[in-house]
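Spelled out from the first residue to the last, the chains are:
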Amino acid sequence: MEPDRLRAFIDDVGLVVRSTGDEHEITARIAERLSALLAGGYRLPPEVTRSSSARHLTYPLYIAPDGSWSMASVVWDVGQRTNVHSHETWGVAGIYAGVEHELRYLKPTTSTASAPLTPAGETRWAPGQVTVCCTTDDDVHAVAAVGSEPTVGIHVYGGDIGTIRRRSYDPATGEARWFVSGWDSPGDVP
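None of these values were measured; they are calculated from a predicted model.

A. A look at the layout of surface pockets. In this model, the largest pocket occupies a volume close to 440 Å³. Around the largest pocket sit 24 residues that line it, and His56, Thr82, His85, Arg166 and Ser181 are the ones nearest its centre. When grouped by side-chain class, the residues that make up the lining of the largest pocket number eight nonpolar, eleven polar and five charged.

Below, the structure is given as structure tokens:
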């Protein structure tokens with residue numbers, strides 16, 4: 001039953017992505033579908049919910065053959081946080097387990113590139129909650145796992161997020177460095 005539900009979700013997201021180029025429409029429609037998937041009690045396979053004490057992990061759940069979008073299980077152990085980073089694409093994230101604390105920043109412009117980042121708010125996301133985590137005009141944040149259990153999120157991105165060149169920021173100076181996150185495999189968990 002679970003593989004069928006995931007397959008139906010993947011097929012549906014593929015239709016959404018192919019139906020329009022408007023990333024705001026895409027993210028709104030995918031957010032609705034991801035909310036329904038989580039509300040319906042979908043269960044991820046246990047091997048893509050395992051955390052690592054070394055760092056957060058990004059397990060691929062699906063990568064579109066044409067690279068137009070991808071879906072991942074992202075897992076943070078208790079207390080882990082990401083660097084401040086960008087996505088360089090649209091994205092939708094839903095919390096599967098645990099609690100995520102998100103710190104958002106205004107995306108630097110050419111005129112603010114060498115200045116401290118401007119905080120734009122913070123939110124705690126709980127199981128079942130879904131957010132449009134990024135669009136190309138608004139995609140700079142850091143997240144941390146808070147609470148007593150690892151945080152697991154189901155993320156859907158425009159493109160193969162494991163291969164997209166993205167920015168990591170020093171929030172105090174605005175300095176940016178490029179990185180590629182890559183993908184983790186359940187068999188390689190440290």
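Next comes the rest of the description.
B. How the structure looks around the packing of aromatic side chains. Tallied over the full model, the rule gives one aromatic pair. Ring geometry for Tyr62 against Trp69: centres 5.0 Å apart, planes inclined by 40 degrees, an arrangement best described as tilted. Residues Tyr62 and Trp69 agree in their burial class; the two are buried. Across the ring face of Trp178, the terminal group of Arg165 is positioned such that the distance to the ring centre comes to 4.4 Å.

C. Representation of helix α1 (residues 2-19) in the model. Over its 18 residues, α1 runs 26 Å from end to end, which matches the ideal 26 Å to within 8%, given 1.5 Å per residue. Packing partners of the buried residues in α1 comprise α2 (23-39), β1 (57-63), β2 (70-76) and β9 (151-157).

D. Up close: the pairing of β9. Counting buried positions along β9 yields seven of seven residues, so the element is predominantly enclosed. Alternating residues of β9 divide into Thr151, Gly153, His155 and Tyr157 and Val152, Ile154 and Val156, and every residue in both groups is buried. The sheet contact formed by β2 and β9 spans seven bridges and is antiparallel. When the sheet's bridge partners are listed, Met71 is paired in β9 with Val156.

E. The side chain of Thr82, seen in detail. One can find Thr82 in the loop between β2 and β3 (84-85). When its relative accessible area of 8% is taken as the criterion, Thr82 is described as buried. Dropping the residues within four chain positions of it, Thr82 is found in contact with His56, Trp76, Ala142 and Val143.

F. Structural view of the environment of Ala126. With respect to the helices and strands, the residue Ala126 is situated in the loop between β6 (119-125) and β7 (130-134). Separated by 66 residues in sequence, Ala126 and Pro60 have C-alpha atoms that sit 22 Å apart. The residues touching Ala126, leaving out its near neighbours within four places in the chain, are Ile95 and Gly98.

G. Examining the pairing of strand β8 (residues 140-146) more closely. Along β8, seven of the seven residues are buried, which leaves the element largely enclosed by surrounding structure. Of the strand pairs in this sheet, strand β5 (residues 99-105) and β8 are connected by seven bridges, and their pairing is antiparallel. From the neighbouring strand, Tyr105 faces β8, where its bridge partner is Val140.

Parameters and conventions
Residues numbered from 1 in each chain as written. Predicted model: local features only at pLDDT ≥ 70, side-chain atom pairs only at ≥ 80, totals over all residues. Heavy atoms only, no water. 1 Å grid on protein atoms, 1.4 Å probe; cavity = no way out; pocket = protein on both sides within 12 Å on 5 of 7 lines; lining within 4 Å. Points joined across faces, edges and corners; volume = space filled by probe spheres on them. Nonpolar A, V, L, I, M, F, W, Y, C, P; charged D, E, K, R; others polar. Phe/Tyr/Trp six-rings, centres within 6.5 Å; stacked < 30°, edge-to-face > 60°. Buried < 20%, exposed > 50% of the residue type's maximum accessible area, 1.4 Å probe, protein only. Lys NZ or Arg CZ within 6 Å of the ring centre and 35° of its normal. Helix = DSSP H or I, 4+ residues; strand = E, 2+ residues; numbered from the N terminus. Expected span 1.5 Å × (residues − 1). Contact = heavy atoms within 4.5 Å. Pairing = 2+ DSSP bridges.

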